Each structure stands twice: as structure tokens, then as C-alpha cells.
Amino acid sequence: KALAANLEQRKRIVNRIEEDSKAREDVIWACKHSFLVWLNLFGWTYRQHEVLADGTRRPVAVSEMPFISWPVQDTAANTLIRCIRTGVDCLWDKSRDMGASWLNLAVITWISLHEPNSLSKVVSRKEEEVDSGGYTLNTKGNPDTLLWKIRYMIARLPACIRPEVDSAHLRVSLPNGSVINGESTNNNVGRGGRRKVMLLDECSVYDDLASIDRASHSAASCRIFNATPVGPGAYSDIRFSGKTKVVVLGWWDHPEKAKAGRYVKLENGKPVWSGPFREGEISRGVSMRAIAQNLDIDHERSGNAFFDLPVLKQQAQLYAGVEPVSVGMLVSDLRGDDLDEAIRSCHSSRERPWRFDATANGPLRLWCKLVQHPFSGEWVPPMNTKYVMGIDIAQGVGASNSSIAIFARETGEQVAEWTSSEVSPERLARVASMLGWWFHGVSDAAFMAWEANGWGQTFGPIVAETLNYPWVYKHTRHD
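What counts, and at which threshold
Residues numbered from 1 in each chain as written. Predicted model: local features only at pLDDT ≥ 70, side-chain atom pairs only at ≥ 80, totals over all residues. Heavy atoms only, no water. Helix = DSSP H or I, 4+ residues; strand = E, 2+ residues; numbered from the N terminus. Buried < 20%, exposed > 50% of the residue type's maximum accessible area, 1.4 Å probe, protein only. Contact = heavy atoms within 4.5 Å. Areas by Shrake-Rupley, 256 points an atom, 1.4 Å probe, with all protein chains shown as cover. Lys, Arg positive; Asp, Glu negative; His and termini not counted. Charge placed at Lys NZ, Arg CZ, Asp CG, Glu CD. Salt bridge = Lys/Arg side-chain N within 4 Å of Asp/Glu carboxyl O. Polar contact = N/O pair within 3.5 Å; in protein donor to acceptor, adjacent residues only side chain to side chain. Pairing = 2+ DSSP bridges. Axes fitted to C-alpha atoms, helices over the stretch in contact; angles between N-to-C directions. Arc of directions from axis to C-beta.

**Notes on the overall build of the protein chain**
In terms of helices and strands, the protein chain carries 16 helices and 23 strands. Principal axes of the C-alpha set define a box for the protein chain whose edges measure 105 × 50 × 50 Å. Residues counted as buried form 47% of the 479 residues belonging to the protein chain. In the protein chain, once contacts between residues fewer than 6 apart in sequence are set aside, the share between residues at least 24 apart is 65%. Approximately 24,100 Å² of the protein chain is accessible, and the part contributed by carbon and sulfur atoms is 51%. Placing the 56 positive and 56 negative side-chain charges of the protein chain at their respective mean positions leaves the two points 5 Å apart.

**Some details on the pattern of salt bridges**
Counting across every chain of the model gives 31 salt bridges. Among the ionic pairs, Lys 22 bridges to Asp 26, the shortest N-O distance being 3.0 Å. Separated by 4 residues within a single helix, Lys 22 and Asp 26 lie in helix α2 (residues 21-33), roughly one turn from each other. Asp 26 sits in the partly exposed class, given a relative accessible area of 41%. The salt bridge partner of Asp 213 is Arg 223, with a shortest N-O separation of 2.8 Å. Note that Asp 213 is positioned in helix α8 (residues 209-215) and Arg 223 in strand β11 (residues 220-227), a separation of 10 residues in sequence. Taken together, the salt bridges that share partners define one network made up of Lys 265, Glu 267, Arg 278, Glu 279 and Asp 296.

**Some remarks on the side chain of Ser 167**
Assignment of secondary structure puts Ser 167 in strand β7 (residues 166-168). Within the local environment of Ser 167, its side chain forms a polar contact with the side chain of Arg 151, the two groups lying 2.6 Å apart.

**A closer look at the pairing of strand β15 (residues 326-331)**
In regular strands, side chains alternate between the two faces of the sheet. Note that β15 and strand β17 (residues 364-366) share 3 bridges and pair antiparallel. Bridge pairing links Val 327 to Arg 365 in β17. With 4 bridges joining them, β15 and strand β16 (residues 355-358) adopt antiparallel strand pairing. Residue pairing across strands places Met 329 opposite Asp 357, the latter belonging to β16.

**Thoughts on the sheet that holds β11**
Strand-to-strand pairing in sheets goes through backbone hydrogen bonds, with the strands running parallel or antiparallel. If you walk across this open sheet you meet the 8 strands as β7-β8-β9-β6-β10-β11-β5-β12, and the pairing is mixed. Edge strands, defined here as strands with exactly one partner in the open sheet, are β7 and β12 (245-249). With strand direction ignored, the average angle separating the axes of adjacent strands in the sheet is 15°. Sheet topology note: the strand β10 (residues 195-201)/β11 ladder contains 6 bridges and is parallel. Counterpart to Val 197 in the pairing with β11 is Cys 222. The sheet contacts of helix α4 (residues 71-86) involve β5 (90-94), β10, β11 and β12, and relative to β12 the element is tilted by about 165°.

**Things to note about helix α10 (residues 276-283)**
Along α10, the residues that are buried comprise Phe 277, Arg 278, Gly 280 and Glu 281. Take α10 and look down its axis: the buried residues cluster within an arc of 160°, on one side only. Those residues of α10 that are buried are in contact with β2 (49-51), β3 (57-59), β13 (263-267), β14 (270-274) and α11 (288-294). Looking one or two places after α10, you find Gly 285, whose phi comes out positive at around 95°.

Below you can see the structure in the form of C-alpha cells.
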């Protein structure tokens, strides 16, 4: 695998197979049965910079290079091929510049060349990242696109083993019946067709990876999720689901970046790989968030989380796990328009025609003791403070929870929590308004704030306009 020796070997073998048909048959057989033989004899790649021993980068003198795989890439490729053979999804969790996209595409190209009638699909966020001009093997095209890389690898094969390619926009067809299609992300990716393998490249930045995951679930025997983390989200959910084979490609296994040494150290209580390359990036002013994303494969610190995980863990150890005083739900005999009218009338009538019903599996948990209202006799939350409630809204189809957290305003203590994954945003608006009037305290109602985007666009108008809830958060305009 040394560069000079590898190039000499390639030259010697190409000359031999061009002259000797028996040698050509032997080499074709070897390539069919070993991806790594094929890649390291005939694979080429295209790069723009190299990393020196001190961690600095510099532009390369020659962009087109023989694809000589690193040990970590050998392991990753063999794992992926096993996943494709057995029909198991495979996720590549990687640092930046690990050659993962090129390696995935090389595996797909190799399978398409050597296994007739293989159908594959490559997906990226935008169509211009999948394919953009240059659809023949003799046209440069755009090296940043996925299908260009596939055409490039085929074009660099020796003429005596290179197949004729029928190529068009978002498609590469081979004479053995294999087809590689390209597609940009949408919520219906993969619907209507079945593939042997589907590559979802840099999928952590897809707008709705969760929907794409569901839509493509039956579209391919093996889906490849290839990405660097950008914070908690759908990609992290897939990564840690336990349902997908995970391959880790860290900078600490990069032959150039780790050449000057590597070691493990504790950083903010968390073990991380470090070395001259990583320390050099930090000394050059690269932000710790960028380090977490591009080098550390840290799913927590690579995003926009407001609190660091160690802070959250400390809070959980100090304050979480306190059993609620009571569990149950608010119930009312009113339904439909009658309930809406009762909610609207709370401000003038001071009546709240709903009550707390204790039930072990109810959605409402209370950390405050209820008191008896001096006039109505109903059991209500303590009336000597003001309350504020924050609301996160889900679709209500069982996928994720909608939640309402209620706090005593003066102390900041959480006094109640309501959670359910089965309540629609429309119904949640009624539940929240009932809770807000019930937790009135020394005010008429609790102060209510909700996430305005997504399903908040459905929830908000019902609370503010249909139900006329009086005390809600509004953005302050500073212009």
C-alpha cells in the first residue's frame, strides 16, 4: 500500500492484463471476490488537500490519486459489505475528511460492476449535490456530486475491463443490468421502488430525516446512513437506537492526522481522543463546537444544546427522581362547543367546571399538595403564588410526547407536568387552557408560553383566539 510501490504494481498488472487474456480473467475473478483487491488495484480518488504531521493542511500538488485504503477503511468497507449481503442497515458515524463518501460510493460501484441487475440509489440533501452536469465518462462535470464520483471511478478503470456506460442525469446504467440512480431528499425518498442498497449521504443535515427514515424503511435491503453529527436529533436517534450496525470512522484512525501521535484524555469529565492534530486545531482558534462536530463525533456538544450534558446530569442527580405527590388527570362533564364556551367564560364566571381525578396512569403528575378552594370547595393547586407553564407540542400520533411543564413563578420550582403522545394539537390546546385556569394561583390564570413553530401553528390560534386565553407570551418587537 505504499504509494510508489502501489503505482508500480498497478502499472505492471494493467500491462499484463492488456496482453494476457488468462491473466485478465484471473484478475477479474479476484476483483469480483474481493472489494479491497479491486479498490487498491484499480480505484482512484480525487482530493484537494493533505494533512501534515503537525496537523496543518496544505493543497495537494496532484488531485487525482490512487485509492489506497487505510486499515480503518478496510474494516469499514468489509462491515458494510456484510450488511449489504445480509440486508442490515449500516450507519457510518464519522469525523470530517475520513473519505467515507468516496468509500461508500466505491462499494456501491464495485457491487454494481460485479453483481448483475443490482439496483442502488444515492441520496443527498440537494439535487445539485447528487448530480450536476457532465454525464459522460469523458466529461469533467462537478467533482462534488455523488454520481460524478461514481462515473470517475468507472472511467479510471483499465480499458480492457471497463464496461460501456449508459449515463444520464441522476442515472448510471451498466451493461450487466445494474443501475445506480440519484435523488435529492424529500419525505417520499425511495417510495415506489426496491433497491439492494441506498446511500443517505451527510444525512444528519437533512431537514426531516425522521420522515425520510420511515419512508425509505422498505425501499432498500441495506440503507447506509453516512454523516458527521450536528447535535441531538433524528440522526442521533438512529445512531443510538440499537437497530442499526454502527461503523465509527474517527480522525484518530486517520494515517496523516494521527501520525504525530494520539492519546485519550479527560475533557470536562468526558474521555476524548486527542493529539498534536486536535490540539493544533484548538490552538488555531477552531471553536469547541466545531471540534465536537468535525473531530470528536460528539452528538451532544456538536449541536445547539442550551445546556451542556454535564450540567444536565448534575441537575438530574440533585433534583430529579422525586416521586410526585399525586398522579391523575383533569376531567370535565362538558364536551365540544360546551367545553370551549366554559373555557372562554372562566375569566368572567370564575367557575372552572373540571376537577382532578386521581388515577395511577394519568398524564398529569403533581409535586404540590392540593388545597380546598374556600368558595367552590374543589381541590385546586395552592393559591398563594403565580404559575407559569411551558408547552412542547407534538403531532399526537404516538411518535413523541407533547408536554406541559408548570412552575411556581416566585420559587422556580416545578409543581406539575402533563405528558402524552396520543393527544392532538387541537385537543392539547383545550387541555393546556384548562390547566392554565386551574393553576390560577393569585392571578386569574397561569402565564402560558409554547413552541410557536411546527404544531404550535395549530395550537396557538386555538388558545389565543378560539378560547380567548388571557395571559400568553408574545414576542417583543424592538424596531
